[in-house]
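One letter stands for each residue in the lines below.
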Amino acid sequence: MTLAQLTRPWAAFSYGFLDASAKREIRRRTLKAIAIPGYQVPYASREVPIARGWGTGGLQSTLTLVKPRSVIKVIDQGADDSVNASSIRKFIQRVSSADITEDTLAATIIQSRHRIPEEKLRQDQILVLQVPNPEPLRSVNPDISVAREMHGDADYGLIWLRLYEQIVRSGRIMQGASYPSLVNGRHVMSPSPIPRWDVRKLHMADHLTLLSAGREKRIYAVPPKTRVEPLVFEDIAYRVEEHGHLTCGRSGVSGFFMNELPQDDGTSHFELSDSDFGVKHIRKTQGEPVAIGDTWYRNGRMAP
(Lines give C-alpha, C1' and ligand atoms only; values in the text may rest on other atoms or scores of the structure.)
Protein backbone atom coordinates (compact mmCIF):
# COMPACT_ATOMS: atom_id res chain seq x y z
CA MET A 1 0.00 0.00 0.00
CA THR A 2 1.26 3.46 -0.88
CA LEU A 3 0.61 6.88 0.58
CA ALA A 4 -1.23 7.87 -2.60
CA GLN A 5 -3.71 5.05 -2.02
CA LEU A 6 -4.47 6.34 1.47
CA THR A 7 -5.25 9.88 0.35
CA ARG A 8 -7.92 11.38 -1.82
CA PRO A 9 -7.28 13.69 -4.77
CA TRP A 10 -7.35 17.39 -3.95
CA ALA A 11 -10.76 18.98 -4.24
CA ALA A 12 -11.93 22.49 -3.50
CA PHE A 13 -13.95 22.88 -0.28
CA SER A 14 -16.99 25.04 0.25
CA TYR A 15 -16.61 28.71 1.08
CA GLY A 16 -16.07 29.00 4.81
CA PHE A 17 -15.11 25.30 5.04
CA LEU A 18 -18.58 24.08 6.07
CA ASP A 19 -20.79 22.69 3.34
CA ALA A 20 -24.01 24.46 2.33
CA SER A 21 -26.24 21.98 4.16
CA ALA A 22 -24.37 22.47 7.44
CA LYS A 23 -24.59 26.25 7.13
CA ARG A 24 -28.33 26.17 6.44
CA GLU A 25 -28.94 24.00 9.47
CA ILE A 26 -26.82 26.13 11.80
CA ARG A 27 -28.46 29.33 10.51
CA ARG A 28 -31.93 27.92 11.14
CA ARG A 29 -30.94 26.87 14.66
CA THR A 30 -29.39 30.28 15.26
CA LEU A 31 -32.56 32.08 14.18
CA LYS A 32 -34.59 29.96 16.58
CA ALA A 33 -32.12 30.71 19.38
CA ILE A 34 -32.47 34.44 18.70
CA ALA A 35 -36.26 34.16 18.68
CA ILE A 36 -36.24 32.45 22.11
CA PRO A 37 -33.50 34.20 24.11
CA GLY A 38 -31.56 31.89 26.40
CA TYR A 39 -33.16 28.70 25.07
CA GLN A 40 -30.70 25.95 24.13
CA VAL A 41 -31.32 24.83 20.55
CA PRO A 42 -29.78 21.46 19.56
CA TYR A 43 -27.88 21.24 16.28
CA ALA A 44 -25.77 18.72 14.41
CA SER A 45 -22.26 19.79 15.33
CA ARG A 46 -19.82 19.11 12.50
CA GLU A 47 -16.16 18.14 12.52
CA VAL A 48 -13.74 21.03 12.12
CA PRO A 49 -9.93 20.89 12.16
CA ILE A 50 -9.58 21.56 15.90
CA ALA A 51 -10.22 19.26 18.83
CA ARG A 52 -13.55 19.15 20.66
CA GLY A 53 -13.42 21.46 23.64
CA TRP A 54 -11.13 23.98 21.97
CA GLY A 55 -13.78 26.17 20.34
CA THR A 56 -15.48 23.98 17.75
CA GLY A 57 -18.91 25.46 18.52
CA GLY A 58 -17.76 29.04 18.25
CA LEU A 59 -15.80 28.26 15.09
CA GLN A 60 -18.84 26.69 13.40
CA SER A 61 -21.00 29.71 14.23
CA THR A 62 -18.34 32.09 12.94
CA LEU A 63 -17.87 30.11 9.71
CA THR A 64 -21.62 30.28 9.17
CA LEU A 65 -21.67 34.06 9.64
CA VAL A 66 -18.46 35.03 7.85
CA LYS A 67 -18.53 36.81 4.49
CA PRO A 68 -15.71 38.12 2.26
CA ARG A 69 -16.23 41.63 3.62
CA SER A 70 -16.27 40.52 7.28
CA VAL A 71 -13.55 41.60 9.71
CA ILE A 72 -12.70 38.87 12.21
CA LYS A 73 -11.25 39.18 15.70
CA VAL A 74 -10.52 36.08 17.81
CA ILE A 75 -9.49 36.26 21.46
CA ASP A 76 -8.68 33.64 24.08
CA GLN A 77 -9.21 34.81 27.68
CA GLY A 78 -8.72 38.37 26.48
CA ALA A 79 -5.54 37.74 24.48
CA ASP A 80 -5.28 38.08 20.72
CA ASP A 81 -1.87 36.42 20.49
CA SER A 82 -2.50 33.07 22.21
CA VAL A 83 -1.89 29.91 20.20
CA ASN A 84 -5.60 29.01 20.10
CA ALA A 85 -6.76 32.49 19.08
CA SER A 86 -4.05 32.88 16.43
CA SER A 87 -4.70 29.46 14.91
CA ILE A 88 -8.47 29.97 14.70
CA ARG A 89 -8.05 33.47 13.26
CA LYS A 90 -5.65 32.28 10.55
CA PHE A 91 -7.92 29.35 9.67
CA ILE A 92 -10.99 31.58 9.29
CA GLN A 93 -9.04 33.97 7.08
CA ARG A 94 -7.73 31.12 4.93
CA VAL A 95 -11.15 29.59 4.23
CA SER A 96 -13.09 32.85 3.84
CA SER A 97 -10.66 35.54 2.59
CA ALA A 98 -12.11 37.82 5.27
CA ASP A 99 -9.95 40.47 6.87
CA ILE A 100 -8.59 39.88 10.38
CA THR A 101 -7.90 42.40 13.10
CA GLU A 102 -6.94 42.74 16.75
CA ASP A 103 -8.88 46.00 17.11
CA THR A 104 -12.24 45.50 18.82
CA LEU A 105 -13.71 48.59 17.15
CA ALA A 106 -12.74 47.42 13.65
CA ALA A 107 -14.18 43.90 13.92
CA THR A 108 -17.61 42.87 12.67
CA ILE A 109 -17.44 39.36 14.19
CA ILE A 110 -15.67 38.73 17.49
CA GLN A 111 -15.14 35.13 18.55
CA SER A 112 -14.08 34.81 22.15
CA ARG A 113 -13.18 32.26 24.78
CA HIS A 114 -13.92 33.29 28.38
CA ARG A 115 -13.96 37.09 27.96
CA ILE A 116 -15.96 40.01 26.55
CA PRO A 117 -13.84 42.98 25.40
CA GLU A 118 -13.73 46.02 27.66
CA GLU A 119 -14.77 48.36 24.84
CA LYS A 120 -18.51 48.45 24.18
CA LEU A 121 -19.71 46.58 21.11
CA ARG A 122 -21.97 48.24 18.54
CA GLN A 123 -25.20 47.01 16.99
CA ASP A 124 -23.37 46.12 13.77
CA GLN A 125 -21.04 43.73 15.63
CA ILE A 126 -21.67 40.09 16.59
CA LEU A 127 -20.07 38.41 19.59
CA VAL A 128 -19.62 34.63 19.35
CA LEU A 129 -18.78 32.98 22.68
CA GLN A 130 -17.26 29.51 22.88
CA VAL A 131 -19.09 27.38 25.46
CA PRO A 132 -17.74 24.15 26.99
CA ASN A 133 -20.83 23.43 29.13
CA PRO A 134 -24.11 25.12 28.16
CA GLU A 135 -26.32 23.52 30.82
CA PRO A 136 -26.65 25.62 34.02
CA LEU A 137 -28.57 22.80 35.72
CA ARG A 138 -25.86 20.19 35.27
CA SER A 139 -24.23 20.97 38.62
CA VAL A 140 -27.53 20.36 40.45
CA ASN A 141 -29.07 17.68 38.21
CA PRO A 142 -26.79 15.69 35.87
CA ASP A 143 -29.75 13.98 34.16
CA ILE A 144 -30.11 15.96 30.92
CA SER A 145 -33.68 14.70 30.32
CA VAL A 146 -34.83 15.95 33.71
CA ALA A 147 -32.98 19.21 33.13
CA ARG A 148 -34.97 19.76 29.92
CA GLU A 149 -38.22 19.30 31.84
CA MET A 150 -37.03 21.74 34.49
CA HIS A 151 -36.29 24.35 31.83
CA GLY A 152 -39.74 23.78 30.35
CA ASP A 153 -41.35 24.35 33.75
CA ALA A 154 -38.99 27.26 34.60
CA ASP A 155 -38.10 25.21 37.68
CA TYR A 156 -34.82 26.72 38.85
CA GLY A 157 -35.28 26.13 42.57
CA LEU A 158 -32.21 23.89 42.82
CA ILE A 159 -29.99 26.64 41.41
CA TRP A 160 -31.34 29.08 43.98
CA LEU A 161 -30.76 26.46 46.69
CA ARG A 162 -27.16 26.00 45.57
CA LEU A 163 -26.53 29.75 45.75
CA TYR A 164 -28.14 29.87 49.20
CA GLU A 165 -25.93 27.02 50.44
CA GLN A 166 -22.85 28.92 49.30
CA ILE A 167 -23.95 31.95 51.34
CA VAL A 168 -24.58 29.79 54.42
CA ARG A 169 -21.22 28.02 54.17
CA SER A 170 -18.98 30.84 52.98
CA GLY A 171 -20.82 34.04 53.80
CA ARG A 172 -21.12 35.00 50.13
CA ILE A 173 -21.91 33.48 46.75
CA MET A 174 -18.80 31.63 45.58
CA GLN A 175 -19.93 31.05 41.99
CA GLY A 176 -17.33 32.64 39.73
CA ALA A 177 -17.29 32.01 36.00
CA SER A 178 -20.44 30.78 34.22
CA TYR A 179 -22.65 32.63 36.69
CA PRO A 180 -26.29 31.52 36.08
CA SER A 181 -28.32 34.35 34.58
CA LEU A 182 -31.99 34.84 33.73
CA VAL A 183 -32.52 35.87 30.10
CA ASN A 184 -35.57 37.90 29.11
CA GLY A 185 -37.31 36.91 32.33
CA ARG A 186 -37.71 33.27 31.27
CA HIS A 187 -34.71 30.97 30.67
CA VAL A 188 -31.70 30.60 32.95
CA MET A 189 -28.53 30.23 30.93
CA SER A 190 -24.85 29.65 31.53
CA PRO A 191 -23.14 32.69 29.97
CA SER A 192 -20.04 30.61 29.10
CA PRO A 193 -17.04 30.72 31.47
CA ILE A 194 -16.84 34.50 31.37
CA PRO A 195 -16.09 36.08 34.77
CA ARG A 196 -18.80 37.80 36.78
CA TRP A 197 -17.18 41.05 35.63
CA ASP A 198 -18.41 40.36 32.08
CA VAL A 199 -21.91 39.03 32.75
CA ARG A 200 -23.46 42.47 33.15
CA LYS A 201 -22.05 43.50 29.75
CA LEU A 202 -24.74 41.30 28.18
CA HIS A 203 -27.62 43.18 29.81
CA MET A 204 -29.47 45.42 27.33
CA ALA A 205 -26.40 45.42 25.06
CA ASP A 206 -26.51 46.84 21.55
CA HIS A 207 -24.89 43.78 19.96
CA LEU A 208 -26.04 40.22 19.28
CA THR A 209 -24.38 37.49 21.33
CA LEU A 210 -24.31 33.90 20.10
CA LEU A 211 -23.19 31.11 22.44
CA SER A 212 -22.26 27.86 20.75
CA ALA A 213 -21.19 24.56 22.32
CA GLY A 214 -19.79 22.20 19.68
CA ARG A 215 -19.10 19.27 21.97
CA GLU A 216 -22.55 19.52 23.59
CA LYS A 217 -24.29 20.39 20.27
CA ARG A 218 -26.20 23.40 21.61
CA ILE A 219 -26.67 26.99 20.43
CA TYR A 220 -28.33 29.78 22.40
CA ALA A 221 -28.39 33.55 22.02
CA VAL A 222 -28.85 36.92 23.67
CA PRO A 223 -30.40 39.33 21.14
CA PRO A 224 -29.76 43.08 21.34
CA LYS A 225 -31.61 45.03 24.05
CA THR A 226 -32.43 41.89 26.04
CA ARG A 227 -32.49 41.67 29.81
CA VAL A 228 -29.77 39.45 31.30
CA GLU A 229 -30.02 39.32 35.09
CA PRO A 230 -27.60 37.32 37.26
CA LEU A 231 -29.48 35.27 39.85
CA VAL A 232 -29.16 37.13 43.14
CA PHE A 233 -31.22 37.44 46.29
CA GLU A 234 -32.93 40.78 46.84
CA ASP A 235 -31.00 41.51 50.01
CA ILE A 236 -27.58 40.43 48.70
CA ALA A 237 -26.09 42.51 45.90
CA TYR A 238 -24.39 40.99 42.88
CA ARG A 239 -20.63 41.32 43.29
CA VAL A 240 -18.04 41.30 40.53
CA GLU A 241 -14.34 40.57 40.93
CA GLU A 242 -12.63 43.30 42.98
CA HIS A 243 -10.25 44.49 40.30
CA GLY A 244 -11.23 48.15 40.21
CA HIS A 245 -8.29 49.23 42.39
CA LEU A 246 -5.67 47.24 40.43
CA THR A 247 -3.31 48.88 37.96
CA CYS A 248 -1.86 47.29 34.82
CA GLY A 249 1.92 47.06 35.09
CA ARG A 250 2.41 47.55 31.35
CA SER A 251 -0.10 50.22 30.36
CA GLY A 252 -0.68 51.97 33.70
CA VAL A 253 -4.45 51.66 33.25
CA SER A 254 -6.62 50.87 36.27
CA GLY A 255 -10.27 50.07 36.86
CA PHE A 256 -10.60 47.05 34.56
CA PHE A 257 -10.38 43.25 34.73
CA MET A 258 -6.79 42.10 35.28
CA ASN A 259 -4.71 38.95 34.97
CA GLU A 260 -2.61 38.18 38.04
CA LEU A 261 0.97 37.09 37.32
CA PRO A 262 2.75 35.70 40.42
CA GLN A 263 6.40 36.76 40.73
CA ASP A 264 9.40 34.87 42.13
CA ASP A 265 9.54 37.10 45.22
CA GLY A 266 5.98 36.20 46.20
CA THR A 267 4.38 39.39 44.93
CA SER A 268 1.97 39.68 42.02
CA HIS A 269 2.12 41.64 38.79
CA PHE A 270 -1.13 42.63 37.12
CA GLU A 271 -1.87 43.14 33.43
CA LEU A 272 -5.04 44.01 31.56
CA SER A 273 -6.85 40.84 30.51
CA ASP A 274 -8.02 42.57 27.32
CA SER A 275 -4.66 42.68 25.53
CA ASP A 276 -5.79 44.93 22.67
CA PHE A 277 -7.22 47.43 25.15
CA GLY A 278 -3.86 47.56 26.92
CA VAL A 279 -1.88 47.92 23.69
CA LYS A 280 -4.07 50.83 22.65
CA HIS A 281 -3.31 52.69 25.88
CA ILE A 282 0.43 52.02 25.51
CA ARG A 283 0.39 53.37 21.96
CA LYS A 284 -1.60 56.38 23.12
CA THR A 285 1.00 57.23 25.79
CA GLN A 286 3.66 57.03 23.07
CA GLY A 287 1.86 59.73 21.12
CA GLU A 288 0.25 57.59 18.42
CA PRO A 289 -3.25 58.50 17.19
CA VAL A 290 -5.35 55.66 18.60
CA ALA A 291 -9.13 55.34 18.75
CA ILE A 292 -10.29 53.93 22.09
CA GLY A 293 -13.98 53.19 22.38
CA ASP A 294 -16.31 53.75 25.29
CA THR A 295 -16.19 51.07 27.96
CA TRP A 296 -18.75 49.26 30.09
CA TYR A 297 -16.75 49.92 33.26
CA ARG A 298 -15.29 53.19 34.52
CA ASN A 299 -12.95 53.25 37.52
CA GLY A 300 -13.96 49.70 38.39
CA ARG A 301 -17.70 50.39 38.40
CA MET A 302 -20.34 49.66 35.80
CA ALA A 303 -21.04 52.83 33.84
CA PRO A 304 -24.65 54.10 34.06
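Quick caveat, the model's predicted, so the values are computed rather than measured.

Draft legend 1. How the structure looks around the packing of helix H3 (residues 56-65) against helix H4 (residues 83-96). Contact pair H3 / H4: the axes reach a minimum separation of 11 Å and the direction vectors enclose 30°. In terms of orientation, H3 and H4 fall into the roughly parallel class. Considering only the axes of H3 and H4, their crossing is right-handed. Residues Leu 59, Thr 62 and Leu 63 of H3 lie in contact with H4, whose contacting residues are Ile 88, Phe 91, Ile 92 and Val 95. A class-by-class count of the residues in the contact of H3 with H4 yields 6 nonpolar, 1 polar and no charged.

Draft legend 2. Expanded view of the packing of helix H2 (residues 20-35) against H3. Between H2 and H3, whose axes approach to 10 Å, the crossing angle comes to 100°. When the axes of H2 and H3 are compared, the pair comes out roughly perpendicular. Contacts between H2 and H3 involve Lys 23, Ile 26 and Arg 27 from the first element and Gln 60, Leu 63 and Thr 64 from the second. In terms of residue class, the contact of H2 with H3 is made up of 2 nonpolar, 2 polar and 2 charged.

Draft legend 3. Seen up close, the pattern of salt bridges. Going through the model one piece at a time under the given rule, you end up with 21 salt bridges. Linking Asp 198 and Arg 115 is a salt bridge whose minimum nitrogen-to-oxygen distance equals 2.6 Å. Of this pair, Asp 198 sits in helix H7 (residues 196-199) while Arg 115 sits in the loop between strand S4 (109-113) and strand S5 (126-130), and the two are 83 residues apart along the sequence. A relative accessible area of 0% means that Asp 198 is categorised as buried. Under the relative-accessibility criterion, Arg 115 is labelled buried at 3%. The partner of Glu 119 in a salt bridge is Lys 280, with the nearest N and O atoms 3.0 Å apart. Pair noted here: Glu 119 is in the loop between S4 and S5 and Lys 280 is in helix H8 (residues 275-285), with a separation of 161 residues, a long-range link. Note on Lys 280: relative accessible area 3%, which makes it buried.

Thresholds, definitions, all that
Residues numbered from 1 in each chain as written. Predicted model: local features only at pLDDT ≥ 70, side-chain atom pairs only at ≥ 80, totals over all residues. Heavy atoms only, no water. Axes fitted to C-alpha atoms, helices over the stretch in contact; angles between N-to-C directions. Helix = DSSP H or I, 4+ residues; strand = E, 2+ residues; numbered from the N terminus. Parallel < 35°, antiparallel > 145°, perpendicular 65-115°, else oblique. Left-handed = near helix turned anticlockwise from the far one by under 90°. Contact = heavy atoms within 4.5 Å. Nonpolar A, V, L, I, M, F, W, Y, C, P; charged D, E, K, R; others polar. Salt bridge = Lys/Arg side-chain N within 4 Å of Asp/Glu carboxyl O. Buried < 20%, exposed > 50% of the residue type's maximum accessible area, 1.4 Å probe, protein only.

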